[in-house]
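Observations on chain architecture
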Amino acid sequence: MRVKVAIIGSGPSGLLLGQLLANAGIENVILDRASKDHILGRVRAGVLEEGMVHLMDEAGAGARMHAEGLPHDGISLAFDGRDHRIDLYGLTGGKRVLIYGQTELTHDLMNRREASGGISVYEAENVTPHHFAGKSPYVTYEKDGITHRIDCDFIAGCDGFHGPSRKSVPEGAIRTFEKVYPFGWLGVLADVPPVNHELVYANHPRGFALCSMRSNTRSRYYIQCPLDEKIEDWSDERFWDELRRRLPEHHAEAVTTGPSFEKSIAPLRSFVAEPLRFGRLFLVGDAGHIVPPTGAKGLNLAASDVHYLFEGLMEYYGDGSTAGIDAYSARALSRVWKAVRFSWWMTMMMHRFPETSDFDQKIQEAELDYLTHSSAAATALAENYVGLAY
Ligand code: FAS
Ligand code: PHB
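Now for a quick tour of the structure. Since the model is a prediction, treat every value here as computed from it, not as a measurement.

A closer look at the packing of helix α1 (residues 12-23) against helix α6 (residues 102-115)
With their axes 10 Å apart at the nearest point, α1 and α6 run at an angle of 35 degrees to one another. α1 and α6 meet at a crossing whose hand is left-handed. Along its contact with α1, which presents Pro12, Leu15, Leu16, Gly18, Gln19 and Asn23, the element α6 presents Gln102, Leu105, Thr106, Leu109, Met110, Arg112 and Arg113. Taken together, the residues of the contact of α1 with α6 sort by class into 6 nonpolar, 5 polar and 2 charged.

This is the structure we're talking about:
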C-alpha cells in the first residue's frame, strides 16, 4: 500500500490529523495497536480550548460536541475554606472553554472517519517506522500473522508517550526534558450531578482535589494521592469521604455521591522531546510531550500540534513549499513550552508536596493570595487556561 501520510496512533492526535488531511484530499492511513473499544474505554481529558473546538468543526466532527458540550465561562479555586472564581470570559475578552469528554471527541472522530471512508487498522502489532531520515519512509506492522508495509511521503507519530515513534529516533538526535511529580491523581466517574456549575480546583492541607464533569448528570472527580496508592484500597465510600474533606463546607455538603463506574490512578509528569521532527517523521501530541492534567492542556496541545503540522503538509502538497513542515517543530514547541510552564505552575500552586518546606508553603499561599486579589495575575491564569493563540 502507498499513501501520502502514514499515521501511527488512533487517539485524538491521529484521528484529528487524519480527518483534516482526508478532507483536503491528502490520503492517509491510521495504525493503532489497540482495538477501537480499548481506545474508547480510556477516560481522559474533559476541557476543550476554542482551538480544539474549531479544529473539530474543520474536521466536520463537531455537531455532537456543540449539541452536548457545556460552555464554561469560569473556574473556581478553593482554599482556606472559600471559593475564588476566576472569570475566564471577562478576563479574556469573551473566551471560554467547552466541557466535552475526550472519549466522546474520539468517538466522533472515529465515526467521521468511517463515514468518509478513511482507512484505520486496529490491533496492528509491531508498528514500526522506517527510513524516515530519507525521502522514502515506510511503516511496517503485523496483523493476523501477516507483515504489511505502507510506503509513504511522511510519518506522523501520534502514538502517545509509550509509542514507537519517539523511541525510533536515534538517541543522539533527540533531547528530552522531564519532571516527575511526587504524587498521582485518583479519578472517578459517576453518574451523579456535578457539585458546582463550573470546575472547582481545591488546595487543601490533605491534598489537591478537582471537581469536574462530563455533563449535568455525569461527574468527574479527582483527588491527589501518593504514588504508591493502590486503587483496590479505595472504596467509593472512602473516595467520597476524602473528597468532601478537601472541599469548602458549602461544596462538601452539596456533593451527590453514588457508585463510580470508572476509577483509576494516573501519575503526573512534565515531559518534552526536542525537536519534534526527524526528517520525514513528526512527533505529535503525547508522543512529543506530556503535561500534568492540572492545567487541562494535554489534549489541547495535541490539537495545536495537529494544526501546525496540517498547515505545513497542506503547503507541501499545495505548492511544494517545505517552509511549513520545516517550521513545524519550532512553532509547536513554542506553544508546548508555554503550556508546560502553565501546567507546572498550576500543579505547584494547587498541590501539597510531601517534602515541602515551610518557606515553600508560604510561597504557595502568597501565590494564591496574589492571584485572588490581582486582576493582572488572574488575567494571566485566565489567558493560559482558555488557551494561548495558535
Ligand atoms: P494518546 O495517548 O491519546 O493516543 C496514542 C494512541 O497511540 C493510542 O490509541 C495508542 O493505542 C496508540 N499506540 C501506542 N503505542 C502504539 C504502538 N506501539 N503501535 C500502534 N499504536 C500505538 N489531558 C487533559 O487535557 N486533561 C486530562 O484530564 C487528562 N487526563 C489524562 C489521564 C490519563 C490517564 C492520561 C494517560 C492522559 C490524560 N490526559 C489529559 C492527556 C491526554 O488527554 C492526552 O493529552 C491525549 O490523549 C493526547 O492524545 P494523543 O496524542 O492522540 O495520544
Ligand atoms: C477532567 O474533567 O477530566 C479534567 C478537567 C480539568 C483538568 C483535568 C481534568 O484540569
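Some points on the packing of α1 against helix α3 (residues 50-58)
Running from N to C, α1 and α3 cross one another at 45 degrees; their axes reach a closest spacing of 9 Å. Judged by the inter-axis angle, α1 sits oblique to α3. Seen along the crossing, α1 lies across α3 with a hand that is left-handed. Along its contact with α1, which presents Leu16, Leu20 and Asn23, the element α3 presents Met52, Leu55, Met56 and Glu58. Residue composition of the contact of α1 with α3, grouped by class: 5 nonpolar, 1 polar and 1 charged.

Things to note about unusual backbone geometry
Across the junction of Glu274 and Pro275, the peptide omega takes the value -10 degrees, indicating a cis bond. Tracing the sequence through the fold places Pro275 in the loop between β17 (260-274) and β18 (277-278). The phi torsion at His131 lies on the positive side, around 50 degrees, for a residue other than glycine. Overall, His131 belongs to the exposed group, its relative accessible area being 55%. The backbone of Ala296 shows a phi angle near 55 degrees, a positive value even though the residue is not glycine.

The rules we used
- Residues numbered from 1 in each chain as written.
- Chains lettered and ligands numbered in written order.
- Predicted model: local features only at pLDDT ≥ 70, side-chain atom pairs only at ≥ 80, totals over all residues.
- Heavy atoms only, no water.
- Axes fitted to C-alpha atoms, helices over the stretch in contact; angles between N-to-C directions.
- Helix = DSSP H or I, 4+ residues; strand = E, 2+ residues; numbered from the N terminus.
- Left-handed = near helix turned anticlockwise from the far one by under 90°.
- Contact = heavy atoms within 4.5 Å.
- Nonpolar A, V, L, I, M, F, W, Y, C, P; charged D, E, K, R; others polar.
- Parallel < 35°, antiparallel > 145°, perpendicular 65-115°, else oblique.
- Buried < 20%, exposed > 50% of the residue type's maximum accessible area, 1.4 Å probe, protein only.

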